[in-house]
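In case you want the letters, here they are:
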Amino acid sequence: MDTHIGSVNGAASNQTVGCPASAPGCPMASTPAQPAATLSAGEASLGRHLARRLVQVGVNDVFAVPGDFNLTLLDHLIAEPGLRLVGCCNELNAGYAADGYARARGVGACAVTFTVGGLSVLNAIAGAYSENLPVICIAGGPNSNDYGTNRILHHTIGLPDFSQELRCFQTVTCHQAVVNNLDDAHEQIDTAIATALRESKPVYLSISCNLPGLPHPTFSRDPVPFFLTPRTSNKMGLEAAVEATVEFLNKAVKPVLVAGPKLRVAKAGKAFVDMVDASGYAYAVMPSAKGLVPETHPHFIGTYWGAVSTAFCAEIVESADAYLFAGPIFNDYSSVGYSFLLKKEKAIIVQPERVIVGNGPAFGCVMMKEFLSELAKRVNKNTTAYENYKRIFVPEGQPLESEPNEPLRVNVLFKHVQKMLTGDSAVIAETGDSWFNCQKLKLPEGCGYEFQMQYGSIGWSVGALLGYAQGANHKRVIAFIGDGSFQVTAQDVSTMLRCEQNSIIFLINNGGYTIEVEIHDGPYNVIKNWNYTGFVDAIHNGLGKCWTSKVKSEEELTAAIETALGEKKDCLCFIEVIAHKDDTSKELLEWGSRVSAANSRPPNPQ
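Note that this is a predicted model, so its numbers are computed, not measured.

(A) Representation of the UniProt feature "binding site: Mg(2+)" (unreviewed entry) in the protein chain within the structure. Within the UniProt annotation, "binding site: Mg(2+)" (unreviewed entry) is assigned to Asp 483, Asn 510 and Gly 512. Within the secondary structure layout, Asp 483 lies in helix H16 (residues 483-489). Judged by its relative accessible area of 1%, Asp 483 is buried. The topology assignment puts Asn 510 in the loop between strand S19 (504-509) and helix H18 (514-519).

Structure representation (structure tokens):
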């Protein structure tokens, strides 16, 4: 499994903030950043302190949109060795890019201006909060002298109260700090960054526009190391939870394991695999946990997603007499409109800091990583569920062979995509039918995979692709984006070109918001068709390495893939796939009807 910064078990699990690069397991050790040199008093400013802290925790790229309240701060970020400023076309994409970067590296950062920038990035920060990603959102703030006055500033709603932006961020970040004086700026910045890492959630940091260049005694040397309080289990609680779980599982006939998305925040991926090895259980992943544990292990049985699970997976999970879910998120989407056939009394729910066994008891202050490691030492081996899976499993069929120059079908597209994947690849799946098609891809060892299921914001993938590719530049990222989603955030293909990225974008052009059509159709789901390759060519404008292709048949697709992987391997490759508007996966059809039924439930009697 990956052990770079931000992997499930990577260096980001180190509890030190600001540790020297030579420290074992330090987040900085896996990055190309240069160690910060000792600064003179003139250089020892608030802006440089913030920049050095970002580099120390593993942020080497800050995604930014300039505005008059953050310009001086951006000067100081640019001046820091090892820190690159990536200018984005808009704040929403800068936030999405920080989200993608955090997925690749364990922490991300974006910088925007006061209110007009802050409220534009807000949606992306809310998405990062929902996905448990540590993103440091830095906003340039008003001049410190304007606080407490009756002045009305531009970029505001016309009131002398400057707190609207702060109040908006309070609900989508785990910590907020408004830095408008130098005396406690050092503490505020360090606390904000530390809280983001400890909570694995976004934080909001406002810096008054007149402060970044000012020195202060607390900034006069390299940022000193300080430590996050490690989270450890209550030993008695851990022992009691393990004992109760061992008793529950060892009396089961055919127990199974299911990995959930909170494995990432618990950094418990390796512990989960150790549990699989020790127990012999069959294991599945929830859809939003795909990529967090290996799919090459012999006991992997696929994606558990209720009625739209991969073949034979749901039958094994739902027929088990005990199932342990590690880090699950159960919502209407992941439960397919609340249609899971699971029973609480058969379930062990392991959250990052809590374990619930059946209908009870529940054990708090139990860390998932420690719990799974201890459980692996004591559980009996039981391969019954896996043997049942092998008995009923029938390999999936291949799509029907295409006639010469027949219009391209989406299932044929993904047949060829499967052959493209290697351990040096990563997959980004946009909200929509790409969710379901990409779930069926079998990931080679080391292949990354990301999508945003909890928040499900269409357009997320363009910015996330930019950020993920910037943070994981050792991988070639392949993104699947619907035409409707692409129209929301298309501009930052420009930034990918400026950053010389070589990702492959498959733009699936089927004429509208297909996922919405399958939930509830209407004329609002039809969009204006673009010449997407022409659009990207216009953005390219002869500057940077870019190659585009429009494909309508399997023959054209195979030729385009061959070119993208060969002659144009160093280019950003944009392949527009023309698909029929009704060409959807069978899983989307099933899922859409169930979610529609859940959405349209009549009010309960009053």
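(B) Broad picture of the sheet that holds strand S9 (residues 256-259). One open sheet accounts for 7 strands, arranged S11-S10-S9-S12-S13-S14-S15; its pairing is mixed. Every other strand in the sheet has two partners, leaving strand S11 (300-303) and strand S15 (362-364) as the edge strands with one partner each. Along the sheet, successive strands turn relative to each other by an average axial angle of 15°, direction set aside. Helix H9 (residues 269-279) contacts S9, strand S10 (282-285) and strand S12 (323-326) of the sheet and is inclined by roughly 165° relative to S9. Contacts between helix H11 (residues 368-378) and the sheet are confined to S12, strand S13 (347-351) and strand S14 (354-357), with S12 contributing the most and set at about 145° to the helix.

(C) The pairing of strand S20 (residues 546-551), seen in detail. Most of S20 is tucked away, with 5 of its 6 residues classed as buried. Two strands pair when backbone bridges link them, and S20 and strand S21 (residues 572-578) are joined in this way by 6 bridges, in the parallel orientation. Within S21, the residue paired with Cys 546 across the bridge is Leu 572. Crossover S20 to S21 through helix H20 (residues 554-565) is right-handed.

(D) The arrangement of the environment of Gln 470 in detail. For Gln 470, the position within the fold is in helix H15 (residues 460-471). Residue Gln 470 is classed as buried on the basis of its relative accessible area of 11%. Each C-alpha atom of the pair Gln 470 and Ala 97 lies 8.8 Å from the other, and the pair is 373 residues apart in sequence. Not counting chain neighbours up to four residues away, the residues in contact with Gln 470 comprise Asp 61, Phe 63, Arg 84, Val 86, Tyr 101, Cys 499 and Gln 501. Side-chain polar atoms of Gln 470 contact the side chain of Asp 61, separated by 3.0 Å.

(E) Quick peek at the packing of aromatic side chains. Taken as a whole and assessed by the stated rule, the structure comprises 26 aromatic pairs. Ring centres 6.1 Å apart and planes at 80° place the aromatic pair Tyr 323 and Phe 325 in the edge-to-face group. Neither Tyr 323 nor Phe 325 differs from the other in exposure class; each is buried. A centroid spacing of 6.2 Å and a plane angle of 85° characterise the contact between Phe 486 and Phe 535, whose relative ring orientation is edge-to-face. Within this pair, whereas Phe 486 is found in helix H16, its partner Phe 535 is found in helix H19 (residues 532-540), the two being separated by 49 residues in sequence. Connected via pairs of aromatic rings, a cluster forms that spans Trp 305, Tyr 333, Trp 435, Phe 436, Tyr 449 and Phe 451. The ring of Tyr 129 is capped by Lys 201, whose NZ or CZ atom sits 3.9 Å from the centre of that ring. Over the ring of Tyr 449 we find Lys 290; its NZ or CZ atom is 5.5 Å from the centre of that ring.

(F) Examining the nonpolar core more closely. If you look at the biggest cluster of nonpolar residues, it comprises 51 residues, and the most contacted ones within it are Phe 63, Cys 110, Ile 125, Val 135 and Phe 486. Here Cys 110 is in contact with Val 62, Phe 63, Ala 94, Gly 95, Ala 98, Val 121, Ile 125, Val 135, Ile 136, Cys 137 and Ile 138, once residues within four sequence places are set aside. If you look at the next biggest cluster of nonpolar residues, it comprises 41 residues, including Phe 414, Trp 435, Leu 441 and Val 595.

About the criteria used
Residues numbered from 1 in each chain as written. Predicted model: local features only at pLDDT ≥ 70, side-chain atom pairs only at ≥ 80, totals over all residues. Heavy atoms only, no water. UniProt positions renumbered as here; feature names shortened; annotations may be inferred. Helix = DSSP H or I, 4+ residues; strand = E, 2+ residues; numbered from the N terminus. Buried < 20%, exposed > 50% of the residue type's maximum accessible area, 1.4 Å probe, protein only. Pairing = 2+ DSSP bridges. Axes fitted to C-alpha atoms, helices over the stretch in contact; angles between N-to-C directions. Contact = heavy atoms within 4.5 Å. Right-handed = clockwise from strand over helix to strand, strands pointing away. Polar contact = N/O pair within 3.5 Å; in protein donor to acceptor, adjacent residues only side chain to side chain. Phe/Tyr/Trp six-rings, centres within 6.5 Å; stacked < 30°, edge-to-face > 60°. Lys NZ or Arg CZ within 6 Å of the ring centre and 35° of its normal. Core = buried A, V, L, I, M, F, W, Y, C linked by side-chain atoms within 4.5 Å.

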